[in-house]
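Each chain, written out:
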Number of protein chains: 2
Amino acid sequence: MDQNRKDRLEGAGWRVGNAEDFLELTPEEAAFVELKLALARFLRDVRVQQGWTQAQTAKRLGSSQSRFAKMEAADASVSVDLLVKSLLGLGATREQVGEVIARAA
Amino acid sequence: MDQNRKDRLEGAGWRVGNAEDFLELTPEEAAFVELKLALARFLRDVRVQQGWTQAQTAKRLGSSQSRFAKMEAADASVSVDLLVKSLLGLGATREQVGEVIARAA
DNA sequence: GACGACTATGTCGGATCGGACATATCATGT
DNA sequence: ACATGATATGTCCGATCCGACATAGTCGTC
C-alpha cells in the first residue's frame, strides 16, 4: 500500500497494518500465515504461467475448482500439506518450494 | 550408504535404493517425503541443540512426548503443518525453514 | 443486459490428523 | 540384573481437512 492511501485511511479512523497487528497473532502465527500466503501466491503464479484455469488445474491434481480457489486464497481450511503437494504435482521442485518459503515478502 | 555396503547387501539378495524405489512412489510423492524428512531432522537438530528432551519440548509446544517422537520420525500421521508450526514455535525462522526444505539432502 | 467462461464462497460427509494414554524399547549407571 | 530416564510404537476419539456440490460474484463480448 502506498503512503498516500495509508494516510487517507488513517485520517478516516482506520488502523493500517499487517495481519499480525489486525488479528493480534503471535509472531509464530504471523510467520505461519505469511508462509502459507507465499505458497498460495506461488501456486497461482505457476497456474497462470501455464495459462490454465482453476478447473483445469484442479482436475489435473484430482481436486475441485472450489478447493483450488481456496488454495490460491490461502483459506483457513487449506493445509500447507495440500499447498506443497499441489505445487509438486504441478512440477515445482522442492528447491523452488523452499526458496518461496524462505524469501517471500 | 557407501558402495561396499551396497554391494554386499545386493550380493545377499537385497535391493538397495531410496524410498522412491522401494515404495514405488511417484517423483512428487518422493519429493514430498524427502521434504518432510528434512523438516523432521531439523526439528530434532533444534531440540538437541538446545539440550532438551522430547517431553520438555513437547510440553513447551502444548503437545505430548509421543507425538513429538512421531514428528521427529516423520511419521505418516504427522503433517507438514505440524512440523512447520513446531519449528516456528521453537524459534526457527521462516527463512530457516525454507532453506532446510530447499537444500536438504 | 443477457450470455458464457472463470473465480469465489458456503456447506456437508467421509477421511485424515493430533493430543493423550498405555506400553514397549533403548541407554546408562549402579 | 535392576532401576531410571529417554525415546519409540500402538491405539483412541475429538478436531480439522478435503473433495464435491451448489450457488454467488466478476469480467468481457455481443
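So, here is what we can say about the structure in this document.

Calculation rules
Sequence order as written defines residue numbering, which begins from 1 separately in each chain. Each chain is given a letter, starting from A, and each ligand a number, starting from 1, according to the order in which they appear as written. Predicted model: local features are reported for residues with pLDDT of at least 70 only, side-chain atom pairs are reported and counted for 80 or more only, and whole-chain, interface and lining totals are derived from all residues. Heavy atoms from the whole structure form the basis of all side-chain values; hydrogens and water molecules are not counted. We call a residue near a molecule or strand whenever a single non-hydrogen atom of that residue lies within 4 Å of it. Here a polar contact is taken to be a pair of N or O atoms separated by no more than 3.5 Å, where protein atoms must pair a possible hydrogen donor with a possible acceptor and residues adjacent in sequence count only if both atoms sit in side chains. Going along the chain from the N terminus, every DSSP run of H or I of four or more residues is numbered as a helix, and every run of E of two or more is numbered as a strand. For this classification, Asp, Glu, Lys and Arg are treated as charged, while Ala, Val, Leu, Ile, Met, Phe, Trp, Tyr, Cys and Pro are nonpolar and the rest, including Gly, are polar. Residues reaching a pLDDT of at least 70 in both copies supply the C-alpha atoms on which the copies are superposed by least squares. Contacts are residue-level and defined by heavy atoms, with any inter-residue pair within 4.5 Å sufficient. We define buried area as the total accessible area lost by two parts upon association, computed with a 1.4 Å probe and summed across both. Salt bridge, as applied in this entry: a Lys or Arg side-chain nitrogen positioned within 4 Å of an Asp or Glu carboxyl oxygen. Each residue's exposure class comes from its accessible area (1.4 Å probe, protein chains only) as a fraction of the maximum for that residue type: buried when under 20%, exposed when over 50%, partly exposed otherwise. With axes taken as lines fitted to C-alpha atoms, and helix axes fitted only over the stretch in contact, angles between N-to-C directions fall between 0 and 180 degrees. For classification, angles of less than 35 degrees are called roughly parallel, those exceeding 145 degrees roughly antiparallel, those between 65 and 115 degrees roughly perpendicular, and all remaining angles oblique. The handedness criterion is simple: a crossing whose near helix is rotated anticlockwise from the far helix by less than a right angle is left-handed, and one whose near helix is rotated clockwise is right-handed.

**Regarding the protein's contact with DNA strand C**
A:Gln54, A:Ser66, B:Ser66, B:Arg67 and B:Ser79 are the nearest of the 18 residues found near DNA strand C. By atom count, sugar and phosphate contribute 44% of the portion of DNA strand C lying within 4 Å of the protein. At 2.7 Å from a base nitrogen of DNA strand C is found a side-chain nitrogen or oxygen belonging to B:Arg67. Per-element tally for the surface near DNA strand C: the top contributor is helix α5 (residues 65–72) of chain A, with 4 residues. Here the residues of the surface near DNA strand C sort into 4 nonpolar, 9 polar and 5 charged.

**Structural notes on the protein's contact with DNA strand D**
Lining the immediate surroundings of DNA strand D are 18 residues, of which A:Ser66, A:Arg67, A:Ser77, A:Ser79 and B:Gln54 lie closest. Here, DNA strand D places atoms within 4 Å of the protein, and 47% of those atoms are sugar or phosphate. Between B:Lys70 and DNA strand D, the recorded distance is 2.9 Å, taken from a side-chain N or O atom to a base oxygen. Looking at the surface near DNA strand D, the elements that each hand over two or more residues are α5 of chain A together with α3 (27–50) and α5 (65–72) of chain B. Top element by residues in the surface near DNA strand D is α5(B). It accounts for 4 residues. Split by residue class, the surface near DNA strand D holds 4 nonpolar, 9 polar and 5 charged.

**Looking at the relation of the copies chain A and chain B**
Each copy superposes on the other: chain A lies on chain B with an RMSD of 0.0 Å after a rotation of 180° and an axial shift of 0.0 Å. What the rotation and shift describe, once combined, is the action of a two-fold rotation axis. Ranked by how close their C-alpha atoms come to the rotation axis, the residues of chain A are headed by A:Gly98, at 2.1 Å. Both copies share a contact surface, since 100% of the interface residues of chain A are interface residues in chain B too.

**Some details on the interface of chain A and chain B**
One frequently used descriptor of interface size is the decrease in accessible area upon assembly of the parts. With 22 residues of chain A at the interface, the matching set in chain B holds 22 residues. Between chain A and chain B the total buried area reaches about 2000 Å² when both faces are included, carbon and sulfur atoms providing 63% of it. When the buried area of chain A at its contact with chain B is split by residue, A:Phe32, A:Asp81 and A:Arg94 rank highest and sum to 32% of it. Inspection of the chain A/chain B interface yields 4 salt bridges. Note that B:Glu34 is salt-bridged to A:Arg94, the shortest N-O span being 3.6 Å. Where chain A packs against chain B, one counts 9 residue pairs in polar contact (both at pLDDT 80 or more). When contributions to the side of chain A that touches chain B are tallied by element, the ones reaching two or more residues are α3 (27–50), α6 (80–89) and α7 (94–103) of chain A. It is α7(A) that provides the largest number of residues to the side of chain A that touches chain B, a total of 8 residues. Among the residues forming the side of chain A that touches chain B, the class breakdown is 11 nonpolar, 3 polar and 8 charged.

**Thoughts on α7(A)**
Burial in α7(A) covers these residues: A:Arg94, A:Val97, A:Gly98, A:Val100, A:Ile101 and A:Ala102. Tucked inside the fold, the buried residues of α7(A) contact α3 and α6 of chain A together with α3 and α7 (94–103) of chain B.

**Side note on the packing of α6(A) against α3(B)**
Packing of α6(A) against α3(B) brings their axes to within 9 Å, and their N-to-C directions diverge by 140°. Of the possible angle classes, the one that applies to α6(A) and α3(B) is oblique. Helix-helix and strand crossings are classified by hand; for α6(A) and α3(B) the assignment is right-handed. Listed contacts from α3(B) to A:Asp81, A:Val84, A:Lys85, A:Leu88 and A:Gly89 of α6(A) are B:Glu28, B:Ala31, B:Phe32 and B:Leu35. Tallied by class, the residues present in the contact of α6(A) with α3(B) amount to 5 nonpolar, 1 polar and 3 charged.

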